[in-house]
Amino acid sequence: MKRTLLLSLALFLVFQNIHAQTAPPSDMGSIKQNFKKLNVLGSVLYVAAHPDDENTRLLAYLAQEKHYRTGYLSLTRGDGGQNLIGNEQSELLGLIRTQELLAARRMDGAEQFFSRATDFGFSKNPEETLKFWDKDKVLGDMVWVIRQFRPDVMICRFPTTGEGGHGNHTASAILAQEAFSAAADPKRYPEQLKHGVTPWQAKRLLWNTFNFGNTNTTSEDQFKLNVGGYNPILGKSYGEIAAESRSNHKTQGFGSARQRGDAFEYFKTILGDAPKTDLMDGVTTTWARIPGGAPIGEELAAIRKNFNDDAPEASVPALIKLLDKVDMDFVNDKAMQTVRLKAGAVEEYTYWHKQKAKELKDLIAACAGLWFESYAPEASYAVSDKLDIRAQLFTPNKLPISKIVISAGGESVPVTVTQGSESILAPGQLRTEQLQVVLKKLSQPYWLETAHPIGSYTLANDTLAGPPENADALTIKFEFTIDGKSLSFYRKVMYKYVDPARGEIYQPLEITPPVTASLAEKVYVYNNSVPQIVQVKLKSFTNASGNVSIKPIAGWKITGAADFADKKKGDEWTASFTIAPTSNKSNIANLDVIVTANGKTFSQGLLNIKYNHIPAITIFPPAQAKLVNIDLKIAGKRIGYIAGAGDLVPDALREVGYEVHQLSEGEIINGDLSIYDAIVIGVRAYNVNQRLAYEQPKLMEYVKNGGNLVVQYNNNNGLVTKAIGPYPFQVVNQRVTTEDSPVTILDKDSPVLNYPNKITQQDFSDWIQERSVYMVSNIDPQYKTPLQMGDPGEAQSNGSLIVADYGAGRFVYTSLVFFRELPAGVPGAYRLFVNLLSKPPKTAGVGYSK
């Protein structure tokens, strides 16, 4: 039963709660939970700064026990955090952490929202945060989310007084307070009111106080809730659900143990009425909340009472009738006519009608055993190509379905109904229909469509803020007529395949440029005028002909261009260009690749991110790289590298000519380490590599015998050994977060500042994000400390770089953020790091003595 329909896809915007999705859970536990949720008309919005800031146990309790519509508004996507499972940083890390949050929400039952703010790294105060974030824009995003979500209660994770530590944390609380009032003021962000929202005043804003480490902000005179209960339908306590939710933050190493038993959360009232006996004091959370709604609640209770676990489909007729009541036309209804002049009554009804009608339709589908989804036959398609979509439908039950309409983008052709048939969806038989659409838009995440400044993403329009993913993704509309009632549902078009080890996998559909152009490196470093070969990897996603070139760049000579013809979908090939600086002067420039395919110009690469705990991620970054011509001298050649939590330093070292070999444990313990001019230990290695405690004596022996060991930063918590160096020092949570903070050279004769490159103040220019993290203190006198730095207004520290002779060799520990600076092509960072790798010969004339 296949029919083909040619549709020109008109992508349409849908807010997150009705955006397309694959089939929701329909197990008996979910059905019973959803019955309970249908009878609750209340909402809570939790607000904080980052992924993993949220209180997952509280969210699970609110969503699964109290059955409130529960949301988490994370102002950032966590772009500036660390990555314990890979080497993705910045926007790429933000993409992963977005999916980790969505996985967490699937566990605890809450919804997820974001503003346009970026996590630009650790911030010590809210003033800096709000300056980078563009306060007015981010506040507007929060107001937009509040006006759509209409929370009865708002809850902050952090206070405005700084106990949260991070400046982002404090700023999130400051903005939440302002948004609480601004959302209710029609004079604030009035342009939003033209887009289907109205002003909204939440009942109260609370601070969810906490006891973290040495900071306890809870007290027994605060309002408190016991959120440690057990849900017999789910078979879990909320502490267990919270652990499953939080453990999705794998990039941050937040695997959590399941907790059981009483657990109290405390709250301090910031704005609005203080709760006395219940979080929702003063808020009606039953169907009595809307005019004429009480009978709906009574009828729903009767359906629940008569529900048969062994035959959930028997409740479908009653649920259809209930949906008719929920769908009543309030314009013509007499009960509504009496309240039309009452401020907010119509908006209140409209909001809850939309929420509860959707919940009720999903419940009907679940009870009916009605399953339907839509798929693409292949993982990727080029924009402007045609896509044959397969829509599949199934039910084990005999249902009175008289009509099915399957459509995309608002255009539809009804499936033909055989005259006199009782149902067009036969029990136990999978039905497949086919539609064809023309793809109009790349599947690029909406917040990455254009370049952006440090503190916030640039959105095409302000109404895009809020959803975690593209709200205009390709969707299919399924409309069923059951017992004479029309029910509409949306399903996102996915690619589905079977992995031999993991089974059935759902993957987002990729809508790509016709041809992508990916550069082998992000940064090409030159230390002379010798040309380099720059390779561009091209991939065709459709039948294509055209050419690839590089835009002319002042101060650089570029030779090479490449035509291509008759490329087929899936073809991959490489184009090579020769690029050299025209002089030996320092020069930094952007390289842009231009692809003309089938008469249209594109300039996007292809980047795939794959981890088993999240869906595959595909983006199309600008086909760009940085060309950096610097005065760089190199000593030594062979580098051994011990991987840490994941960084791009090895690639950066190879770019300037080093031979970098990743060391295995066997090579460390049994190999000849003396063949390496230096051994580098990656970021946070002493946090994530338990075997380093065992390997440490061999590394110290390597130094003692004349080797050069360079250790990059580690977190002060969870060190596998505190004896990282030959002499004592202590890793502490001290940072220099301002990337242009002044640096004082304490020892101008230090070899690490002289050989083979002379380091000056200029080498600390143009650093990004921060200077140093998790610095060291209590430094043994055997170490030399050549640098001193600190954030403006704070004490200066000499704990960013320590160097000591040990035996015939040298040990270096540095908390300078080379893992950020080298991939970004910062010239001074290259010069200084090369010096750390280069132990001067005894005849070099420089030593540690002043």
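In case you missed it, the structure is sitting above this.
Residues numbered from 1 in each chain as written. Predicted model: local features only at pLDDT ≥ 70, side-chain atom pairs only at ≥ 80, totals over all residues. Heavy atoms only, no water.

Before going further, it helps to spend a moment on the overall build of the protein. When its secondary structure is counted, the protein shows 17 helices and 44 strands. Residue burial in the protein is summarised as follows: out of 850 residues, 55% are buried. Taking the contacts inside the protein whose residues are at least 6 apart along the sequence as the reference set, 76% of them involve residues at least 24 apart. By element, 49% of the accessible surface of the protein is carried by carbon and sulfur atoms, the whole surface being about 34600 Å². Charge separation in the protein, taken as the distance between the mean sites of 90 positive and 89 negative side-chain charges, equals 1 Å. (Helix = DSSP H or I, 4+ residues; strand = E, 2+ residues; numbered from the N terminus. Buried < 20%, exposed > 50% of the residue type's maximum accessible area, 1.4 Å probe, protein only. Contact = heavy atoms within 4.5 Å. Areas by Shrake-Rupley, 256 points an atom, 1.4 Å probe, with all protein chains shown as cover. Lys, Arg positive; Asp, Glu negative; His and termini not counted. Charge placed at Lys NZ, Arg CZ, Asp CG, Glu CD.)

Here the focus is the sheet that holds strand E44 (residues 809–814). Strand pairs in the sheet, formed through backbone hydrogen bonds, run parallel or antiparallel to each other. Ordered in space as E36-E35-E37-E38-E44-E43, the 6 strands form an open sheet in which the pairing is mixed. Two strands lie at the open edges of the sheet, namely strand E36 (659–662) and strand E43 (801–806), each paired on one side alone. Direction aside, the axes of adjacent strands within the sheet are offset by 20 degrees on average. As judged from the 4 bridges shared by strand E35 (residues 638–642) and strand E37 (residues 678–681), these two strands associate in the parallel manner. (Pairing = 2+ DSSP bridges. Axes fitted to C-alpha atoms, helices over the stretch in contact; angles between N-to-C directions.)

Turning to helix H6 (residues 167–182), a few remarks are in order. For H6, built from 16 residues, the straight-helix expectation of 22 Å at 1.5 Å per residue is met to within 8% by its first-to-last C-alpha distance of 22 Å. Within H6, 12 of the 16 residues are buried, which leaves it mostly tucked inside the rest of the structure. Those residues of H6 that fall on the buried side of the exposure criterion are Gly167, Asn168, His169, Thr170, Ala171, Ser172, Ala173, Leu175, Ala176, Ala179, Phe180 and Ala182. (Expected span 1.5 Å × (residues − 1).)

Now for the pattern of salt bridges. The full count for this structure, using the stated rule, is 41 salt bridges. Ionic pairing is found between Asp472 and Lys441, a salt bridge with its closest N-O pair at 2.6 Å. Pair noted here: Asp472 is in the loop between strand E18 (431–438) and strand E19 (475–482) and Lys441 is in the loop between E18 and E19, with a separation of 31 residues, a long-range link. Residue class for Lys441 comes out partly exposed when judged on its relative accessible area of 30%. Measuring nitrogen to oxygen at the nearest pair gives 3.4 Å for the salt bridge that ties Glu572 to Lys537. With a gap of 35 residues between them, Glu572 in strand E29 (residues 572–581) and Lys537 in strand E25 (residues 532–540) connect regions that are remote in the sequence. Overall, the relative accessible area of 45% leaves Glu572 in the partly exposed class. (Salt bridge = Lys/Arg side-chain N within 4 Å of Asp/Glu carboxyl O.)

Another point: the environment of Val710. Within the secondary structure layout, Val710 lies in strand E38 (residues 708–711). Its relative accessible area of 0% is what places Val710 among the buried residues. In this structure Val710 touches Ile679, Val680, Ile681, Val812, Phe833, Leu836 and Leu837, once residues within four positions along its chain are discounted.

Remark: helix H4 (residues 126–133) packs on H6, axes separated minimally by 8 Å, with the N-to-C direction vectors making an angle of 75 degrees. The angle between H4 and H6 places the two elements in the roughly perpendicular class. Mapping the contact onto sequence places Pro126, Thr129, Leu130 and Trp133 in H4 and Gly167, Asn168, Thr170, Ala171, Ile174 and Leu175 in H6. When its residues are assigned to classes, the contact of H4 with H6 shows 6 nonpolar, 4 polar and no charged. (Parallel < 35°, antiparallel > 145°, perpendicular 65-115°, else oblique. Nonpolar A, V, L, I, M, F, W, Y, C, P; charged D, E, K, R; others polar.)

Burial of E37 is two-sided: the residues Ala678 and Val680 facing one way and the residues Ile679 and Ile681 facing the other way are all buried. Bridge count for E37 against E38 is 3 bridges, and the pairing is parallel. Pairing of Ile681 across the sheet is with Val711, part of E38.

What follows deals with helix H5 (residues 135–149). Taking 1.5 Å per residue, 15 residues should reach 21 Å; H5 reaches 21 Å between its end C-alpha atoms and fits that length. Within H5, 12 of the 15 residues are buried, which leaves it mostly tucked inside the rest of the structure. Directly after H5, the chain includes Arg150, whose backbone phi takes a positive value near 55 degrees.

Spatially, 4 strands are ordered E23-E25-E29-E27 in an open sheet, and the strand pairing comes out antiparallel. Whereas interior strands pair on both sides, the edge strands pair on one side only; in this sheet they are strand E23 (515–519) and strand E27 (556–559). Averaged over all adjacent pairs, the angle separating strand axes in this sheet is 30 degrees, with direction ignored.

Okay, the packing of aromatic side chains next. Applying the stated criterion across every chain yields a total of 31 aromatic pairs. Ring centres of Phe120 and Phe132 lie 4.7 Å apart, and the angle between their planes is 45 degrees; on these two criteria the pair is classed as tilted. Within this pair, whereas Phe120 is found in the loop between strand E4 (111–114) and H4, its partner Phe132 is found in helix H4, the two being separated by 12 residues in sequence. Taking relative accessible area as the criterion, Phe120 reaches 7% and is therefore assigned buried. Phe132 gets classed as partly exposed once you look at its relative accessible area, which sits at 23%. On the numbers, 6.5 Å between centres and 40 degrees between planes, the contact of Tyr375 with Tyr506 is tilted. Of this pair, Tyr375 sits in strand E13 (residues 371–376) while Tyr506 sits in strand E21 (residues 503–508), and the two are 131 residues apart along the sequence. Take Tyr375: its relative accessible area is 5%, and that puts it in the buried class. Among the aromatic side chains, those forming a connected cluster through ring pairs are Tyr727, Phe729, Tyr783, Tyr806, Phe811 and Tyr813. Across the ring face of Phe114, the terminal group of Arg77 is positioned such that the distance to the ring centre comes to 4.2 Å. The lysine or arginine in question, Arg735, covers the ring of Phe122, its NZ or CZ lying 4.1 Å from the ring centre. (Phe/Tyr/Trp six-rings, centres within 6.5 Å; stacked < 30°, edge-to-face > 60°. Lys NZ or Arg CZ within 6 Å of the ring centre and 35° of its normal.)

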